[in-house]
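# Structural description and commentary
As a plain string of letters, each chain reads:
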Amino acid sequence: MQFSVFGPFTVCVLSECLVQGHFLIPPWSLFAFDSLSPPLSLSLSLLEEMRELREQPIDPQAEQEIIDSIEEVYFSNDSFDMVQHELQKLPPELNLQELEEYRDKLKRQQAAVSKKVADLILEKQPAYVKELERVTALQTNLQLAAVICTNARRQLSVAKEGFTEASLGLLANQRRRQLLTGLLKSLRTIKTLQRTDVRLSEMLEEEDYPGAIQLCLECQKAASTFKHYSCISELNSKLQDTLEQIEEQLDVALSKTCKHFDVSHYTKVQLAYTLLGKTQTAMDQLHMHFTQAIHNTVFQVVLGYVELCAGNADTKFQKMQYKDLCTHITLDSYIPCLTDLCKALWEVMLSYHRTMQWHEDAAGTRWWNNVSVSDELVVDRSYVKKKLEHGLTRIWQDVQLKVKAYILGTDMSNFKYDDFIVVLDVISRLMQVGEEFCGSKSEVLQESIKRQSVNYFKNYHRARLEELRMFLENETWELCPVKSNFNIAQLHEFRFMGQCRSPSVSPSRQAVSSNSLVQEELSLFQQYLQEGNPFEMHIEHKEEETEDVLASNGYESDELEKSVYQDYDSDSDVPEELKQDYVDEQTGDAPLKSVSRETIRSKKKSDYNLNKTNAPILTNTTLNVIRLVGKYMQMMNILKPIAFDVIHCVSQLFDYYLYAVYTFFGRNDLYESSGLGLISSRLRTTLNRIQESLIDMEAVGESVGVHGPAEDRKEKVPSPHLSQLVVLTNSGTLYGLAQRVVATESLVFLAEQFESLQSHLDTMMPAAKKPFLQQFYSQTVSTASELRKPIYWIVAAKAIDYEQMLLMMAGVKWDIREIMSQHNVYVDVLLKEFEQFNKRLGDVSRHVRIPLPVSNVLWEHCIRLANRTLVEGYANVKKCSNEGRALMQLDFQQFLMKLEKLTDLRPIPDKEFVETYIKAYYLTENDMEQFIKNHREYSMKQLANLVNVCLGSHINKKARQKLLAAIDDIDRPKR
């Protein structure tokens, strides 16, 4: 079946019909349509053929099945090549029968499709005829419209001729003029915009950042108005670049405020950022710049000193990390570099402080009034406040870490003491800055300086103990002449106590100017807000004043020296205190009765205080120990975390000095045998503790075979040895009494100074360690004066020949039958010995002042030994009568009467000891038994002799046996 002719219009109708019929036409069913001519109507033959197709009988279901069997690829698109497709489907070996069958199938499919198309076309024929009629009507209307347009053109030509071309031209020119005027104005604005880059550059050079930003923003706004011009797009890009350049310069300007804050400069920068709407960004950038400023500052300072000390242009240091760079600082440049480092960091922190102050001042006052306040601005201000407050801790932490790296980068164990104190002073001042800056306790700095301090102090203290041992072993115990008003506060090492009572304040704050008190009330940031630097004060106050503590030739003046040796008969030589009632130097109490001038004169001959002024008795070693204590306290004052370690070392200085004095002058095996209780249990405990904890006995071979840990031995010091220049065996010098006085009284003076420092030490001692300090004072310092007894006892025991007195008493006959009126010779000999002792005591006092407590101890020992010798002599008597006992009392009373003229000591020591023993001779049996039980101060020999001598007079043998048994019972527990 073939179609004769089809045009484009027919194809359209067919397509519409196909779509409405809900099926597609295979490509081969329309192959004839492409070459058809476009007539406006269908030929009769076509209609006939379609009608024939419709009239052919066919089962609709079978027809639909044939259409459904068509491959889907035929319905894909118009470019499908069906021939190529069918050829590709042919098998390699062709079978004619199969090909014919397949051809018949394709024909049936074509016939079914063609019939379907024909049915659809015929169904739509009435609609087609109707549409064709509408097309004909449209053609008629178009012809009418053409006639109307022709008439309109004719009438327009008439109108053109009716109006003058001049009038229309005038209107056109006026309109053109208006357009050109607007264009000229726009061009002038564009020209101005293009020239703004020059003005912007000038404003940036003038650092007028707010003005530059304001101008740039206005230009951008104006440029947006003329964005329809092609030249404006380039200008917009240029303005944006300029604005970015301004932001970069603004960031540089912001970074400059980190080291040198300027109010006007910072105000411009903040106003510029506000105009940009980047207040929060500015604050973030500011903190980044501060962090960078801290790093760059410390690096440049340390690098400068390292390169200066290296002395060459080696650039390897610039590539080092800051922590490694700190290890190359030399000892000579350490303190100057530390000072400059702190100065530079102070400038950074001061800038941050002033930045915060600026924002606080600007928050509610004049500056914000120049800026329109909005909700966003309020949020920015809140953000800035929180950011700045948070930044305080962050900035200070960065500072601490940088200074910590510097502190730990050098081993300070070999520093000089004064240099180390300067380091502590600077760090203490820096910690004070940190506390005022953000309320920080500077744990990082404290820990680092504590590590260095403990390390340094251990080495320093060990060296000082060795030095003290050397001083003690070379000390000749000569008097160091100081003024009578000498006080430790006059020494440089203790100046900090008078100038700063608060232990938390560093020495550099101890300004002596009249304005110092006012300045102390202000914080460092208030004092140095505009100028100056708190780390410059150390240099300003480093110069020390000259000490004035030594007396000339041991006397404070020539007049005073002269007055000492004036004639005693003149009243002018009597001190004012002696012209008044006599005052006991120990108690400060005046006696009840006045003392006559003759008594005063007599006392002057035995008062060894008149030979010298009442200047403190101390040696060069004592003075060195006091200075050392001052240095230790300075370190403790600056660095409280190691206060306990320092106080422990201070106690060791005193312990070693006390042990040395005891070892040199007080150690004697006769103490216990004397029965005088010369060493108290507290003093003995103290000496044993010192020997166990501080004295290295292995070094002197005293504890062979006992080896303590090596670490413990490091903390100990060998026992000192007395200098060979000190002679303690010469009777002419009272067995080195002058040296003994100087040594003992210097120890007592040292103890007094420690007592005066107790309150200050207590304030610096940690609460948990205060019991140690209290025990040190109660168990050690307070025992210093107790050493007088054992040390001066040796002199008293050798100064008087007690053995000779015993021999002379043994030759006296005590079983006499008549009362004697004359005392025995041994009393005169003993008194002569005391007079000689008194004279030698006076000779010694010409060289060394003998204080009243010392003379009292010496006289007490001598008198006590003499009285005990008397009792021992009386106890050696084999036979004695009542008259003999009376003679004993006469001898003792004569001794007391003469003795009271030689000494002012009252009451006479052991007076009752002798009198009670003599009177015991007259006791009855029962009273004697009670006497033996109550008076255990007498030896068994003395009590037994008392019983034996009384035998036959008023005690029988039975009573004697009973009393001796009682004595034996008393002595048994002692065995």
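Residues numbered from 1 in each chain as written. Predicted model: local features only at pLDDT ≥ 70, side-chain atom pairs only at ≥ 80, totals over all residues. Heavy atoms only, no water.

For the protein chain, an unreviewed UniProt entry supplies the name VPS50 EARP/GARPII complex subunit and the organism Sphaeramia orbicularis.

### Looking at the overall build of the protein chain
The test is simple: Numbered from the N terminus, helices here are DSSP runs of H or I no shorter than four residues, and strands are runs of E no shorter than two. Residue contacts follow a heavy-atom distance rule, with two residues in contact if any of their heavy atoms lie within 4.5 Å. Every accessible area reported is derived by Shrake-Rupley at a probe size of 1.4 Å, with residue values counting cover from the shown protein chains alone.
Along its length, the protein chain carries 40 helices and two strands. Pairs at least 24 apart in sequence give 81% of the contacts found in the protein chain among residues at least 6 apart. Carbon and sulfur atoms provide 51% of the accessible area of the protein chain, an area that totals close to 52500 Å².

### Examining the pattern of salt bridges
For the record, the criterion: Salt bridges, as used here, are contacts in which a Lys or Arg side-chain nitrogen is within 4 Å of a carboxyl oxygen on Asp or Glu. Relative accessible area decides the class of each residue, using a 1.4 Å probe on protein chains only: under 20% of the type maximum gives buried, over 50% gives exposed, and in between gives partly exposed.
Per the counting criterion, the structure on display carries 24 salt bridges. Between D655 and R689 there is a salt bridge whose closest N-O contact spans 3.3 Å. Here R689 lies in helix 28 (residues 681-693) and D655 lies in helix 26 (residues 643-666), a separation of 34 residues in the sequence. Owing to a relative accessible area of 4%, D655 belongs among the buried residues under this scheme. Given a relative accessible area of 34%, R689 falls into the partly exposed group. Between D910 and R864 there is a salt bridge, with its nearest N and O atoms 2.9 Å apart.

### A closer look at the side chain of R740
What counts, and what does not: For the charge count, each Lys or Arg is scored as positive and each Asp or Glu as negative, with His and the chain ends excluded.
By the secondary structure assignment, R740 is in helix 30 (residues 737-764). Buried charge without a salt bridge: R740, with E745 as the nearest opposite-charge side chain at an N-O distance of 12 Å. Not counting residues within four places of it along the chain, the set of residues in contact with R740 comprises F665, L728, Y735, I791, Y792, I794 and V795.

### Some points on the packing of helix 35 (residues 852-875) against helix 37 (residues 911-919)
For clarity, the cut-off: In this analysis an axis means a line fitted to C-alpha atoms, helices contributing only their contacting stretch, and an angle means the value between N-to-C directions, from 0 to 180 degrees. Under this scheme an angle from 65 to 115 degrees is roughly perpendicular, one under 35 degrees roughly parallel, and one over 145 degrees roughly antiparallel; angles in between are oblique. Handedness of a crossing follows from how the near helix is turned relative to the far one, being left-handed for an anticlockwise turn of less than a right angle and right-handed for a clockwise one. Throughout, the ten residues Ala, Val, Leu, Ile, Met, Phe, Trp, Tyr, Cys and Pro are labelled nonpolar, Asp, Glu, Lys and Arg are labelled charged, and all others, Gly among them, are labelled polar.
Axis separation between helix 35 and helix 37 bottoms out at 8 Å; the angle between their running directions is 15 degrees. Judged by the angle between their axes, helix 35 and helix 37 are roughly parallel. The hand of the helix 35/helix 37 crossing is left-handed. For the pair formed by helix 35 and helix 37, the contact residues are N867, R868, V871, Y874 and A875 on the first element and K911, F913, V914, Y917 and I918 on the second. Looking at the contact of helix 35 with helix 37 residue by residue, the class counts come to seven nonpolar, one polar and two charged.

### Focus: the environment of V426
As for its placement among the helices and strands, V426 is situated in helix 16 (residues 417-438). Along the primary structure V426 and P534 are separated by 108 residues, whereas in three dimensions their C-alpha atoms are 9.4 Å apart. Among residues more than four places away in sequence, those in contact with V426 are L338, T339, C342 and F535.

### Remarks on the packing of helix 30 against helix 31 (residues 770-779)
How two helices pack is summed up by the angle between their axes together with the distance between the axes. Contact geometry for helix 30 and helix 31: axes closest at 11 Å, N-to-C directions at 175 degrees. As the angle between them shows, helix 30 and helix 31 are arranged roughly antiparallel. Contact with helix 30, carried on its side by F754, E755, L757, Q758, L761 and D762, involves K770, L773, F776 and Y777 of helix 31 and no other residues of that element.

### Observations regarding unusual backbone geometry
Glycine aside, residues mostly have negative phi, and peptide bonds are mostly found in the trans state. The linkage connecting R906 with the following residue, P907, adopts the cis geometry, with an omega of -10 degrees. Checked against the element boundaries, P907 lands in the loop between helix 36 (882-902) and helix 37. Backbone geometry places W477, a non-glycine residue, at a positive phi of 60 degrees. On the basis of relative accessibility, which here comes to 1%, the residue W477 falls in the buried class.

### Comments concerning the environment of V717
One can find V717 in strand 2 (residues 717-718). On a C-alpha basis, the gap between V717 and Y656 in space is 8.7 Å, while along the polypeptide they are 61 residues apart. In contact with V717, not counting residues within four places along its chain, are L465, E466, R469, Y656, L694, I695 and D696.

### Thoughts on the packing of aromatic side chains
Quick reminder of the rule: Think of it this way: a Phe, Tyr or Trp ring, Trp meaning its six-membered ring, pairs with another when their centres are within 6.5 Å, and the plane angle makes it stacked under 30 degrees, edge-to-face over 60, tilted otherwise. Placement of a charge over a ring requires the Lys NZ or Arg CZ to be within 6 Å of the ring centre, with the centre-to-atom vector within 35 degrees of the ring normal.
Following the criterion strictly, the structure yields 30 aromatic pairs and no others. By way of ring pairs, the aromatic residues Y417, F420, Y456, F457, Y460 and Y632 are connected into one cluster. For K769, the ring lying beneath its charged end belongs to F644, and the centroid distance is 4.6 Å. R868 extends its terminal NZ or CZ atom over the ring of F913, reaching a point 4.5 Å from the ring centre.

### Some remarks on the state of the cysteines
To keep it simple, the criterion reads: Pairs of cysteine sulfur atoms within 2.5 Å are identified as disulfides in what follows.
Per the counting criterion, the structure on display carries zero disulfides. Of all cysteine sulfurs in the structure, the one in C337 sits closest to C326, which takes part in no disulfide; the separation is 7.5 Å. For C326, a relative accessible area of 0% puts it in the buried group.

### Focus: a nonpolar patch on the surface
Here is the rule we go by: Patch definition: residues above 30% relative accessible area lacking any salt bridge, with like charges linked at up to 9 Å and the nonpolar side chains Val, Leu, Ile, Met, Phe, Trp and Tyr linked at up to 5 Å.
Judged by side-chain polarity, V83, L87, L90, L94 and L99 come together as a nonpolar surface patch covering roughly 440 Å² of accessible area. For L87, the position within the fold is in helix 4 (residues 82-89).

### Considering helix 36
Where we set the bar: Given the number of residues in a helix, its expected span is that number minus one, multiplied by 1.5 Å.
Taking 1.5 Å per residue as the helical rise, helix 36 with its 21 residues ought to reach 30 Å, and the 31 Å between its terminal C-alpha atoms agrees with that figure. Regarding helix 36, the residues found buried are E883, G884, R885, L887, M888, D891, F892, Q894, F895, L896, L899 and L902. For helix 36, the secondary structure elements touched by its buried residues are helix 34 (825-845), helix 35, helix 37 and helix 39 (940-950).

### Re the side chain of T686
For clarity, the cut-off: Polar contacts, as counted here, are pairs of nitrogen or oxygen atoms within 3.5 Å of one another; within protein the pair requires one atom able to donate a hydrogen and one able to accept it, and residues that are adjacent in sequence qualify only if both atoms are side-chain atoms.
Following the sequence through the fold, T686 ends up in helix 28. Residue class for T686 comes out buried when judged on its relative accessible area of 2%. Within the structure, the side chain of T686 is placed 2.5 Å from the backbone oxygen of Q779, a separation counted as a polar contact.

### Considerations on the confidence of the model for the protein chain
Defined as follows: Here pLDDT means the predictor's own confidence in every residue, given as a number from 0 to 100.
The predicted model of the protein chain has a mean per-residue pLDDT of 78, with 76% of residues at 70 or higher. Scored below 50 in pLDDT, residues 501-519 makes 31 contacts in the model with residues more than four places away or belonging to other chains.

### Details of the environment of Y826
You can see Y826 is positioned in helix 34. Among the residues examined, Y826 registers a relative accessible area of 2% and is labelled buried. Placed 17 residues apart in sequence, Y826 and M809 show a C-alpha to C-alpha distance of 6.6 Å. Sequence-distant contacts of Y826, defined by excluding residues within four places in its chain, comprise M805, M808, M809, V812, W814, L870, Y874 and D891.

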